[in-house]
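Reading the structure
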Amino acid sequence: MPKSQVRRDQFGGLLKTLRLERRLTQEELAEAAGSSVRGIREMERGRVRSPQRRTVVLLADALRLAGADRDRFVALARVERQPHARTPVPDDRFTVPDDRAEVPHDRSPVPHERPAVVVPGELPAAVPDLAGRAEILERLAALAADVTAERPDAASVVVLHGPPGIGKTSLAVAAGHRLSPAFAGGQLFVDLQGASPDGPVDSAEALAGLLRSLGVPDSRVPVSPAERGGLFRTLTRDRQLLVVLDNAASEAQVRPLLPAGRGCLALVTCRRPLTGLAGAVRLPLDLLAPAAGRLLLAAIVGADRIAAEPAAADQVVKLCGRLPLAVRIAGNRLASRPQWSVGWLVDLLHDQRRRLTVLTAGDLGVRSAFEVSYRQLDPMAARVFRRASLIPGTDFEPALVAAVAGTDEETAAAALEELVEAGVLLSMGDRYQFHDLVRLYAQERLDAEEPQAGRTAAHDQMVGWLLRRTRQAGLMFEPVACRGDSPFDDDREAASWLDRESGNWLAALRDAARRGRHADVVAVTRALHWYSDANSHRHSWDEIFSLGVAAARAAGSPRDEAVLLNFLGWARYFCRDRNTDGLDALSRALELARRIGDRREEAWALTYTAAIFIRTGRGGWAVDHCRRAVGLFREIGYALGEHSAASALGGALAALGRFAEAAELHRDVLGFYVRGNGLSPTGAAVARAGAMMSLGADLAGMGRWRSAADEYARARQVFNRCGATFSEAIAIHRYGLALQALGEVDAAAEALRAALALYAALCCPWWEAQTLSALAALAGSAPGRAADARLLRQRALDRCGELDAPEVRTLRATLRRELAES
């Protein structure tokens, strides 16, 4: 046997042995080395002419050979060609020949010439006015540094994802130009047209373009997609190369286009996060911050022009939804029309019907960006997209979407996820949200594609569903006997739904009121009463119960009107500190209840009126009203009302300084609520905590400040668990006052500041004023804090604002006197 053949057999045997030791198939080794499976097979069988040096080196890399083992492997492959050798040429066309590769003995042409070393620079021109992306550019620079340093844990693929118009391509190109010095092998750019109406670019076609960019002649580009991929990986294995894959459609499209070298970085832009790409770093792009939007406008239009109308510029950014594409188009329109003021553009953008048209400049348009995604949706997803634009709130759940789209919840949820994938809907856990401009586009499609009758039916179906669900949720706070069938397991679940969907159910209630659905409005507003007790400052109860009063009157139902007038009176005095307006509503409730002989509503009107009398320093009148209310409730056998009136009576007695009598009443009331007596769990807990608060006030009146502080602390914990934020704030406030009386100044100030923060969050100016006044008193008693005390008093005076009630006038006069004396 010729010597050359022995050595070829030795190399093939060694190659096979090493492959099997590493538990690699021929396919896996070919993939790792960028060769063909046939080439590996022929080398192992000893039928290959001396393999090209580059192929051998890549095989050694794939087998992870080093030191003497690597030297022996490479040496065995160097065979002196014999004149009589007739071994067939392997099908190894897709490896790049080395400069020193031997020529075959029969002088037949090599399969292809080695491509000239090409350093591509294909990045498009970067936009000169990129704004608001400094942080993400820094992150990309850090990732690129890890890649070019060939750190083992470096991520070689980064996905920039976000909705249409968010600026993915602009950012990727700008980042590419900044990072290009680190990638000596060049920069490749491919528009994969993932959002094109004509469909995305095929991966094989994209690979052919990449190979040509790397110097492979058209005649040498393999036909097979797999072989194109293998050659691309071979060519990129030893390069430091940046590859920008713009506008990707899917993971399957992207995978074959990822370079193989450890010093390569692929930047992928896509509307989807491409979660199937293993090991990729995903960077979502957010809307521009208002300041960044203003900077972008200034860069396009000119800083002086924007500085001359800063408020109008901010409005432009807001009306563009802080979407970079929209802001850029708005800037381009201003730049091309120097005679326009920024305010003029604001006026144009305020017209929602024309906003998408205004946001068009040349071949740039927000509408067209959304159009591409919309046309790729399946029919159900497109229907959900259109119909969801009817939902009035800023966000929504699948169940509501199912109602407006006329489908089941599972189908709606799947369609919503498709819309998220398409980049036309934002996901927030189990809820979804439109971008403002996308909502306008969805409304356009709804008007264009669905008849008026269908749109009206969908709207009415949504409103009806919201009203039914709101009533069911509200009834969960009623005594158990009143709840009936409900989709909610308990009152906490119902409260969570009412809080999440408040923007939607309140809009539905307003719509029903406008359209004369009086019975629905009355039913819903009555059902929300007990929920409002535990959530007094979370919703606009004065508006809600006003709608109920008007609907009851229009429906000719005096009993419902009396009930809702009582609710309205409570909302005005307790939630809005409008005592006079509250008395007006309650006097009407009292008159109406007496006229129709409704003793229950008469008693409630007396009880609520007494609460206002206590607030305004008319304790004697309050006692009289409460005693009459207790008697009426007792006559009709309504224990819950009787104990509510008894609690108010205790407050009236305390206002007259009769604290021991008040405490006895409040202990009895607390015992009643401890027993539950049919209230919902949350309702009973809030009622117990309210009785603790009343008892604490009685103890404070008797000078038993430590006991009072303990009651307030216990009440605070209960209110906190129930989510009754306003009542929690009052408990903390009173706890702070009790500590102040005990001389625990630092702890008192801490509690008062905590109460102040809650009042401010709830927008309760009267309670803020009282708390600031108390903090001023603490500061005034401390050495060297006179200036702090003065500032706190001034803030308290400001919070009194335009409020007009006896207690407010008293505090206002006190603050002015103290400021004059300081």
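Residues numbered from 1 in each chain as written. Predicted model: local features only at pLDDT ≥ 70, side-chain atom pairs only at ≥ 80, totals over all residues. Heavy atoms only, no water.

Section: helix H35 (residues 705-722)
Residues spaced three or four apart along an α-helix face the same direction, because each turn holds 3.6 residues. Compared with an ideal rise of 1.5 Å per residue, which puts 18 residues at 26 Å, H35 spans 26 Å between its outermost C-alpha atoms and is within 8% of the ideal. Those residues of H35 that fall on the buried side of the exposure criterion are Ala708, Ala709, Glu711, Tyr712, Ala715, Val718, Phe719 and Cys722. In this structure, the buried side of H35 is in contact with helix H34 (681-701) and helix H36 (725-741). A positive backbone phi angle near 75° is found at Gly723, which sits one or two residues after H35. (Helix = DSSP H or I, 4+ residues; strand = E, 2+ residues; numbered from the N terminus. Expected span 1.5 Å × (residues − 1). Buried < 20%, exposed > 50% of the residue type's maximum accessible area, 1.4 Å probe, protein only. Contact = heavy atoms within 4.5 Å.)

Considerations on the pattern of salt bridges
Throughout the structure, instances matching the rule amount to 44 salt bridges. Here Arg151 and Asp146 are joined by a salt bridge, their closest N and O atoms 2.4 Å apart. Residues Glu821 and Arg817 are paired through a salt bridge, measuring 3.9 Å at the closest nitrogen-oxygen approach. With Glu821 and Arg817 both in helix H40 (residues 806-821), this residue pair falls four residues apart, about one helical turn. What makes Glu821 exposed here is its relative accessible area of 61%. By relative accessible area, Arg817 is classed as partly exposed at 44%. Taken together, the shared-partner salt bridges connect Glu371, Arg375, Arg386, Arg387, Arg445, Glu449 and Glu450 into one network. (Salt bridge = Lys/Arg side-chain N within 4 Å of Asp/Glu carboxyl O.)

A short note on the nonpolar core
In terms of nonpolar packing, the biggest core is built from 212 residues, with Phe385 and Phe396 touching the most fellow members. Counting residues per element, this core draws most heavily on H34, at eleven residues. The next biggest cluster of nonpolar side chains, apart from the first, holds 31 residues, and it includes Ala206, Ala266, Cys270 and Leu277. (Core = buried A, V, L, I, M, F, W, Y, C linked by side-chain atoms within 4.5 Å.)

Topic: the packing of H34 against H35
Contact pair H34 / H35: the axes reach a minimum separation of 8 Å and the direction vectors enclose 160°. One finds that H34 runs roughly antiparallel with respect to H35. For the crossing formed where H34 meets H35, the hand is left-handed. Between H34, through Thr682, Ala685, Val686, Ala689, Gly690, Met692, Met693, Leu695, Gly696, Ala697, Leu699 and Ala700, and H35, the contact on the second element is made entirely by Trp705, Ser707, Ala708, Glu711, Tyr712, Arg714, Ala715, Val718, Phe719 and Cys722. Here the contact of H34 with H35 is built from residues that sort into 16 nonpolar, four polar and two charged. (Axes fitted to C-alpha atoms, helices over the stretch in contact; angles between N-to-C directions. Parallel < 35°, antiparallel > 145°, perpendicular 65-115°, else oblique. Left-handed = near helix turned anticlockwise from the far one by under 90°. Nonpolar A, V, L, I, M, F, W, Y, C, P; charged D, E, K, R; others polar.)

Quick word on the sheet that holds strand E10 (residues 431-433)
Spatially, three strands are ordered E8-E10-E9 in an open sheet, and the strand pairing comes out antiparallel. Both outer strands of the open sheet, strand E8 (395-396) and strand E9 (426-428), are each paired with one neighbouring strand and no more. Sheet topology places E9 next to E10; three bridges connect them, and they run antiparallel. Directly across from Ser427, in E10, lies its bridge partner Tyr432. Along the sheet, helix H20 (residues 409-421) makes contact with E8, E9 and E10, crossing E10 at roughly 45°. (Pairing = 2+ DSSP bridges.)

Focus on H34
The end-to-end C-alpha separation of H34 is 31 Å, in line with the 30 Å expected for 21 residues at 1.5 Å each. Of all 21 residues that make up H34, 16 are buried, and the element is covered over most of its length. Just downstream of H34, Gly703 is the residue with a positive phi angle, here 80°.

Concerning the confidence of the model for the chain
When pLDDT is averaged along the chain, the result is 88; 92% of the residues meet or exceed 70. Within the model, the stretch residues 1-8 combines pLDDT values under 50 with 16 contacts to residues more than four positions away or in other chains. Overall, residues 79-114 carries pLDDT values under 50, and its contacts beyond four positions in sequence, including any with other chains, amount to 75 contacts. (pLDDT = per-residue confidence, 0-100.)

Topic: unusual backbone geometry
In this structure, Arg23 takes a positive phi of about 55° despite not being glycine. Within the element layout of this structure, Arg23 appears in the loop between helix H1 (3-21) and helix H2 (26-33). Of note, Leu274 is a non-glycine position whose phi angle comes to about 50°, a positive value. Of note, Leu274 is situated in the loop between strand E4 (265-270) and strand E5 (281-284). For Leu274, a relative accessible area of 1% gives the class buried.

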